Amino acid sequence: MDRQRRLLVLTILISSIIFTLCWSLILWLWHKKYVVLHDRIVRLIVTYPTELTLISTVISTILSVTTTALFSVAVKHALSHYITQPLSLAELHTAIALTKPQPLIRWDYRKLSLITVLIVGLITLLNSSWTTLLLPTHLTWPVPIQGKDLDLGSPTFDAQLGNDLNNWNGSLRNATYMLDVILPMSGTSASRLAIAGGDDSVFAFNGVSYSKSSSGIVPAVEEYAGTSLTAYDIGLNYYGGKVAVNTTPVLDNEHSGLSRTYSVTQQGLSAHITCSALDPNDPQYSISIESTPLNSYEIIFWNMTVNCPGPFGSNWNTWATEEFQKGDDTDGFLGIVICSGTENATSFDIFLQGKWGYSSLGKTVCKVAPYVASFDVAYNNGNISIDQPRDIQLLQDTSLNVTYFILGVVSELSFISQTTWNNPLGELLHLNGINPTRSVHEVLEDYFRGVVEFSATYLRSAYSAEGAAIAMPALYSDQNAFKSLNGTISVMTYGWSSHHLTYIYILGVLTVIWAVTVSAAAYSLIQGRTQSHPLFDAANPVHLMMATSAGGLENLAGFHPDSVTNSERVRVRLEADCDDLGEGASSASRMRFRVESA
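Throughout what follows, the structure given in this document is the object of discussion. Numbering of residues starts from 1 in each chain and follows the order in which that chain's sequence is written. Local features in this predicted model are restricted to residues whose pLDDT is 70 or higher, and side-chain atom pairs enter the listing and the counts only when it is 80 or higher, whereas totals over whole chains, interfaces and linings include all residues. For the side-chain quantities, the full set of heavy atoms in the structure was used; hydrogens and water were omitted.

**Some thoughts on the packing of helix α8 (residues 173-191) against helix α11 (residues 440-462)**
And then number 1: In this description, a line fitted to the C-alpha atoms serves as the axis of each element, helices being fitted only across the stretch in contact, and the angle between N-to-C directions of two axes falls anywhere from 0 to 180 degrees. Helix and strand definitions here come from DSSP, where helices need a minimum of 4 consecutive H or I residues and strands a minimum of 2 consecutive E residues; each element is numbered from the N-terminal end. With their axes 7 Å apart at the nearest point, α8 and α11 run at an angle of 140° to one another. As judged from the angle between their axes, α8 and α11 are oblique. Considering the relative orientation of α8 and α11, their crossing is right-handed. The segment α8 lies against α11, with A175, M178, L179, I182, L183, P184, S186, G187, T188, A190 and S191 engaging V443, D446, Y447, G450, V451, F454 and Y458.
And then number 2: The residue inventory of the contact of α8 with α11, partitioned by class, reads twelve nonpolar, five polar and one charged. An angle counts as roughly parallel when it lies under 35 degrees, as roughly antiparallel when it exceeds 145, as roughly perpendicular when it falls between 65 and 115, and as oblique in every other case. Crossing chirality is assigned from the near helix's rotation relative to the far helix, an anticlockwise turn below a right angle marking it left-handed and a clockwise turn marking it right-handed. Should any heavy atoms of two residues lie within 4.5 Å, those residues are counted as being in contact. Classification used: nonpolar for Ala, Val, Leu, Ile, Met, Phe, Trp, Tyr, Cys and Pro, charged for Asp, Glu, Lys and Arg, polar for all others including Gly.

**Here's the deal with the pairing of strand β8 (residues 299-307)**
And then number 1: Think of it in three bands: with a 1.4 Å probe and only protein chains considered, a residue is buried below 20% of the maximum accessible area for its type, exposed above 50%, and partly exposed in between. Of the two faces of β8, the one holding I300, W302, M304 and V306 is buried and the one holding I299, F301, N303, T305 and N307 is not buried anywhere.
And then number 2: By this definition, two strands are paired if DSSP reports at least two bridges between them. Relative to β8, strand β7 (residues 286-294) is paired through nine bridges, and the arrangement is antiparallel. Bridge pairing in β8 links S286 to N307.
And then number 3: Pairing between β8 and strand β9 (residues 314-322): nine bridges, direction antiparallel. Its bridge partner lying in β9, I300 is registered against T321.

**Remarks on empty space enclosed by the protein**
And then number 1: Grid points spaced at 1 Å and placed over the protein atoms alone form the basis of the search, with a cavity being a set where a 1.4 Å probe fits but cannot get out and a pocket an open set showing protein on both sides within 12 Å along at least five of seven lines. Lining residues have an atom within 4 Å of a point. Grid points are joined across faces, edges and corners, and a volume is the space filled by probe spheres set on the points. The tally for this structure, following the rule as stated, stands at three cavities of 30 Å³ or more.
And then number 2: The computed volume of the largest cavity comes to approximately 100 Å³.
And then number 3: Forming the boundary of the largest cavity are S15, I18, F19, C22, T67, L70, W130, L510, I513, W514 and T517.
And then number 4: Secondary structure elements with two or more residues in the lining of the largest cavity: α1 (3-32), α3 (49-82) and α14 (502-530).
And then number 5: Class assignment for the residues of the lining of the largest cavity results in eight nonpolar, three polar and no charged.
And then number 6: Approximately 60 Å³ is the volume found for the second largest cavity.
And then number 7: Around the second largest cavity, the lining residues are K148, D149, V218, P219, A220, A244, V245, N246, T247, Q266, S464 and L485.
And then number 8: Taken together, the residues of the lining of the second largest cavity break down into six nonpolar, four polar and two charged.

**Structural notes on the state of the cysteines**
And then number 1: The disulfide criterion used throughout: a pair of cysteine sulfur atoms within 2.5 Å. In total, this model carries two disulfides according to the counting rule given.
And then number 2: The disulfide partner of C275 is C366, and the S-S distance across this bridge is 2.0 Å. Judged by the torsion about the S-S bond (115°), the C275/C366 disulfide is right-handed. Here the residue C275 occupies a position in strand β6 (residues 259-277), and C366 occupies one in strand β12 (residues 364-380), the gap between them amounting to 91 residues.

**Some thoughts on the nonpolar core**
And then number 1: Judged by nonpolar contacts, the single largest core of 87 residues is most densely connected at I350, Y379, F448, Y458 and Y463.
And then number 2: At eleven residues, α11 tops the list of elements feeding residues into this core.
And then number 3: Among residues more than four places away in sequence, those in contact with Y379 are I217, V218, P219, A220, V221, Y224, T261, Y262, V264, Q266 and I384.
And then number 4: Take the buried Ala, Val, Leu, Ile, Met, Phe, Trp, Tyr and Cys residues and link them wherever side-chain atoms come within 4.5 Å; each set so joined is a nonpolar core. In terms of nonpolar packing, the next biggest core, distinct from the first, is built from 31 residues, V35, V75, A520 and L525 among them.

**Re the packing of aromatic side chains**
And then number 1: Any two of the Phe, Tyr and Trp rings considered here, Trp counted by its six-membered ring, make a pair once their centres fall within 6.5 Å; the pair's planes then place it as stacked at under 30 degrees, edge-to-face at over 60, or tilted in between. One pass over the full model with this rule turns up 18 aromatic pairs.
And then number 2: Plain terms: the ring middles of Y285 and F351 are 5.5 Å apart, the flat faces sit at 40° to each other, and that makes the pair tilted. With Y285 in the loop between β6 and β7 and F351 in strand β11 (residues 348-356), this residue pair connects regions lying 66 residues apart in the sequence. Across the pair, exposure class does not vary: Y285 and F351 are buried alike.

**Looking at helix α6 (residues 126-134)**
And then number 1: Residues of α6 that are buried include every one of L126, S129, W130 and L133, and no others. Projected down its long axis, α6 shows its buried positions confined to an angular sector of 95°, all on one face. Here the arc refers to the directions that run from the helix axis out to each C-beta atom.

**Considerations on unusual backbone geometry**
And then number 1: Phi at R192 is positive, roughly 60°, even though this residue is not glycine.
And then number 2: What makes R192 partly exposed here is its relative accessible area of 31%.
And then number 3: The phi angle at W356 is positive, at roughly 55°, despite the residue not being glycine.
And then number 4: Inspection of the secondary structure puts W356 in strand β11.

**What about the pattern of salt bridges?**
And then number 1: Salt bridges, as used here, are contacts in which a Lys or Arg side-chain nitrogen is within 4 Å of a carboxyl oxygen on Asp or Glu. Enumeration according to the criterion identifies ten salt bridges in this entry.
And then number 2: When the shortest N-O distance is used, the salt bridge between R460 and D149 registers 3.7 Å. Taken together, the positions of R460 in helix α11 and D149 in strand β3 (residues 137-150) put the pair 311 residues apart, joining distant regions of the chain.
And then number 3: Given a relative accessible area of 6%, D149 falls into the buried group.
And then number 4: Note that D446 and R438 form a salt bridge whose closest N and O atoms lie 2.1 Å from each other.

**Quick word on α1**
And then number 1: Here α1 contains 30 residues, and its C-alpha end-to-end distance of 43 Å stays within 8% of the 44 Å for a straight helix at 1.5 Å per residue.
And then number 2: Among the residues of α1, those classed as buried are L8, T11, S15, I18, F19, C22, I26 and L29.
And then number 3: K33, located one to two residues past α1, shows a positive phi value of around 75°. The span expected for a helix works out to 1.5 Å for each residue beyond the first.

**Quick look at the sheet that holds β8**
And then number 1: Taken in spatial order, the three strands of this open sheet run β7-β8-β9, and their pairing is antiparallel. In this open sheet, the two edge strands, each paired with only one partner strand, are β7 and β9. Going across the sheet, the axis of each strand differs from the next one's by a mean of 15°, ignoring polarity.

**A word on the packing of helix α10 (residues 424-434) against α11**
And then number 1: At a minimum axis distance of 10 Å, the contact between α10 and α11 shows a crossing angle of 140°. On the basis of the axis angle, α10 is oblique to α11. Crossing of α10 against α11: the hand is right-handed. Across the interface between the two elements, L425, L428, L429 and N432 from α10 touch V440, V443, L444, Y447 and F448 from α11.
And then number 2: Among the residues forming the contact of α10 with α11, the class breakdown is eight nonpolar, one polar and no charged.

Read these as layout, nothing more, since geometry by itself doesn't imply function.
Here it is, written out as C-alpha cells:
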C-alpha cells in the first residue's frame, strides 16, 4: 500500500474514531440523562473557572483542527481523482474552495455557492460544537428519595399510643415542661401576625425550622433532621433529641454537589378549624364565667364553665389573677375550655371568652376536626416549607387515642396560657386589633391550627426518636404503621444533562462532516484502484502552475469584459501526459488540463 492510500485509510480510521466517541458520549448521556462530575472536580471548577474554560477551549480547538484537517485531506484526494473527468472551471473553483475550506459566493452559481456555504459553515461551527459538548455546565441534578414515615392515622399506631397513655403513671413531667414552653410559640408563629413575621414567620422545634407551622411532620431528610443530641426518653416521655430519618440514602460523598434542596411528599396532620361567635339561642352550648375576689390578697379566682352535649355534660377550668383596676384595658382574663363532645368523637370544640382588657372577644367557639393528609414539603436554605394538604382523611374511630392526645395538649395550653396579669393569646389579639388585616376568628383558627399541628409533630418525633425501633418492636414490626414517602433531591453541581436540544445540533454538524470526510476518502481509495497518477492538489498554486504550463489552456488566455464569466463555463479535465519531452527532459508523467468543450 503506497503512502497516499495509507493516509486515506488513516483519515477514515481517525475520523470514525472521533465520530464514534462523540456519538457514544451523547448516547450514554441520553441513557443516563445526567452525567455528574466528582465533587473534587466541581470544587476545582468553582475555584478556577477561567482555567476550566481555557482547558475546554484548547481541547475543542485541537479536535476541531484535527477534524478540519482530516476533511481537507479527504476532499483534496477526492478532487485529485474527480477532476480527471470533465467539469467546468466553476465546478473546479467550487471543489478548490472546499479543500481550503472557504465559501464560494457567486450569484450565477447559486447551487454551487450554497453547497460551499453549508459545508464551510458546518466546519466553522466545529469549534463551538466541540466546546458545547465538552464544557460542563452548572445544572440541577434530580435524585429520587424513597422512605417511610409513621402513619398517625393507622390503628397500629393508635393502639401503641393508647397502651402508653394507659400505662402513663404520671411520668410526663419532662414532656409537660417542654410543651408548656413550645405550645404558645407554635400558635403564635402559625397566626402569621406581624409580631411573628407575617408570612415569613418561622417556628423552631428540636433544631428544625418550619415556615409558619410544622403541619404535623418531622424531617424526612438527614440534612434537616435537627438536633444530634441523644434522645434520653422516647414515647410520651420524650422532651427532645435526635429523630431517626427513615429514607434511603441516595447520594454518596463524592457526588453531593455544591448545594442541595429537597422536595418530599409525606404525611402530616392538621385540622379543619372554624371559629365563630357562640349562638346565644343554641340550647346545647353555653358559657358562664364567675369571678370571686379575695380583697385582702388582691386576687381574683375565675371559674369558666361550659355546658356541652353528650355524656360528659359540663366542663370547667379555674384560674387566679391579680385584681384588675377599673379602667385598665391592658390586662385581662381570657378563659379557654375544651369540650370533647361524645365519648367516641374524633373532633372537639374550644370555647373562649375574654374579660376586662380582653372583653372585645365575646363568647366564641372553635370547632376542631383533625385529619391526616399528604403534604408537599420543600427543604431549602435550612428551612422547611409546607404546601397545602392533599388527600385529606379525617381521623376515624380507629384514631381515638390520637384525638385524645391532641385534645389533651390543647387543654394544657388552656391551663398555662392565663397568667396572673394577662394571656399571651389575648395579647396577640390586642396586637391584631392595632392594625387589623385579618378578623379575630381567622387569627384564632390559625393559632389553634398551629397548636394541633405541633401536637402531631411532637407525637411523630416522640415515636420516631432514635431508639424507638428497639424499644417498640411491636409498632416497628408492623408495616401497616408506616406510610411511604417519596421525593426528589435537587443537587446543584456541574456536569452534562441530556435535556438540551443543542446536542442534536452537535450531532448534525459532526455527522455531516464525518460523512463527507469518509465518503471523499472512500471515493479516492476506489478510484485509486483503476487510476494511478501523482497527487494533484488543486488548492496548491504550484500544482496549478505546473499543470497549466504543460499547455492545453491557451485559448483561455487574456482578460477582457465577460472573459472570466465565459471561461467559467469551459469544461476541462486533468490528464496524465506521457509524451517525450525531448533530450534531457524528464520522462516521468506530468499532469495537464485539456479543454473538453466551451
